[in-house]
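Architecture at a glance
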Amino acid sequence: MYAQILLFDGFDPLDVIAPFEVLSAGSDSIGGELIVELVAAEGPRLVVSGNRGLALQATGRLDPEKPGFVIVPGAAGPVDGDPDEGAVTIPVLLARFGETAAVKLMRRAMANPDIVVACVCGGSLALAMAGLLEGRRAVTHHLGMDVLDATGVTPIAARVVDDGDLVTSGAVTSGLDLALHLLHRTYGPRIALAVESLFDYERRGTVWTDTGRHAEAV
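Residues numbered from 1 in each chain as written. Predicted model: local features only at pLDDT ≥ 70, side-chain atom pairs only at ≥ 80, totals over all residues. Heavy atoms only, no water.

**Digging into the sheet that holds strand β1 (residues 2–7)**
As a reminder of what qualifies: A pair of strands is considered paired only if DSSP assigns at least 2 bridges between the two. In this text, helices come from DSSP runs of H or I with a minimum length of four residues, and strands from runs of E with a minimum of two, each type numbered from the N-terminal end.
Reading across from one edge, β5-β2-β1-β6-β7-β11-β10 is the order of the 7 strands in this open sheet, with mixed pairing throughout. Edge positions in the sheet fall to β5 (60–61) and β10 (160–162), since each has one partner strand and no second. Pairing of β1 with strand β2 (residues 35–40) involves 6 bridges; the strand directions are parallel. In the strand pairing of β2, L7 is matched with A40.

**Some remarks on the UniProt feature "domain: DJ-1/PfpI" (unreviewed entry) in the chain**
The line we're drawing: UniProt positions are given in the numbering used here, feature names are shortened, and annotations may be inferred rather than shown by experiment.
Per the UniProt record, the feature "domain: DJ-1/PfpI" (unreviewed entry) sits at residues 100–183. Summarising residues 100–183: 38% helix, 20% strand, and an end-to-end C-alpha distance of 29 Å.

**Some words on the side chain of S174**
This is how the line gets drawn: Accessible area is worked out with a 1.4 Å probe on protein chains only. A residue is then buried under 20% of its type maximum, exposed over 50%, and partly exposed in between. Any pair of N or O atoms that falls within 3.5 Å is considered a polar contact. Within protein, one atom must be able to donate a hydrogen and the other to accept it, and sequence-neighbouring residues count only if both atoms are side-chain atoms. Working rule for contacts: check all heavy atoms of both residues, and any pair within 4.5 Å makes them a contact.
Take S174: it is sitting in helix α6 (residues 174–187). On the basis of relative accessible area, S174 is assigned to the buried category, the value being 0%. Within the structure, the side chain of S174 is placed 2.9 Å from the side chain of S169, a separation counted as a polar contact. Here the side chain of S174 touches A171 through a polar contact of 2.5 Å, landing on its backbone oxygen. Setting aside residues up to four positions removed in sequence, S174 forms contacts with V120, R159 and S169.

**Observations regarding the packing of aromatic side chains**
Note the cut-off: Classification of ring pairs rests on two measures: the distance between centres of Phe, Tyr or Trp rings, Trp counted by its six-membered ring, which must be within 6.5 Å, and the angle between planes, read as stacked under 30 degrees, edge-to-face over 60 and tilted in between.
Applying the stated rule across the entire model yields 1 aromatic pair. Ring geometry for F8 against F97: centres 5.1 Å apart, planes inclined by 70°, an arrangement best described as edge-to-face. Of this pair, F8 sits in the loop between β1 and α1 (13–29) while F97 sits in helix α2 (residues 90–97), and the two are 89 residues apart along the sequence. Assessed through its relative accessible area of 6%, F8 is described here as buried. Relative accessible area serves as the criterion here: at 1%, F97 is assigned to the buried category.

**Examining helix α3 (residues 102–110)**
What counts here: The arc in question is the one spanned by the directions pointing from the helix axis to the C-beta atoms.
All of the buried residues in α3 are A102, V103, L105, M106 and A109. For α3, the angular spread of buried residues about the axis comes to 160°, placing them on one side.

Spelled out as structure tokens, the structure:
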């Protein structure tokens with residue numbers, strides 16, 4: 001199996017590094033059978049984040065035929081600013097994602113039954129604004145939940161939302177919880193607990209799934 005973490009111009013570094021470290025540690029715990037890699041839609045290249053010019057190297061091209069996970073981070077940068085005056089804000093960066101070659105590849109990945117697409121923070125907004133999440137349940141940073149709703153997504157107020165072949169998480173640190181959930185769901189609790197112990201970190205929040213009873217209004 002593969003865990004392809006997608007880099008795009010303006011990505012948020014922690015949205016990438018947190019899942020990368022957790023999934024790499026999980027791979028070590030299962031003998032290396034999960035191959036974790038940084039990819040870009042354009043192929044190998046140095047990709048500049050939205051945080052002070054920090055860059056990471058994509059070592060391959062996003063492959064929508066590889067089984068496993070495709071993880072989409074959010075963007076980093078200012079929240080406020082006038083795009084008409086040249087301000088490159090997080091909403092601008094996420095909208096630009098929809099103009100890249102990544103959209104066509106992500107559409108193919110989402111149609112592949114052997115792939116689970118996972119999004120950290122604004123990653124779900126990037127896909128939703130590109131028209132890829134209509135009719136799905138998802139979460140993002142709390143500042144973007146209304147945008148999810150406006151794009152035909154049902155926003156769910158949970159730290160991690162598991163909607164089958166789409167798993168999303170909230171603000172930037174939730175990438176830890178998302179990756180641990182993927183390990184738990186795929187390889188079982190022993191592997192997830194081994195990584196939690198290694199990092200001295202316990203997952204936060206209840207993972208939302210479309211199961212169980214509905215709560216009555218109080």
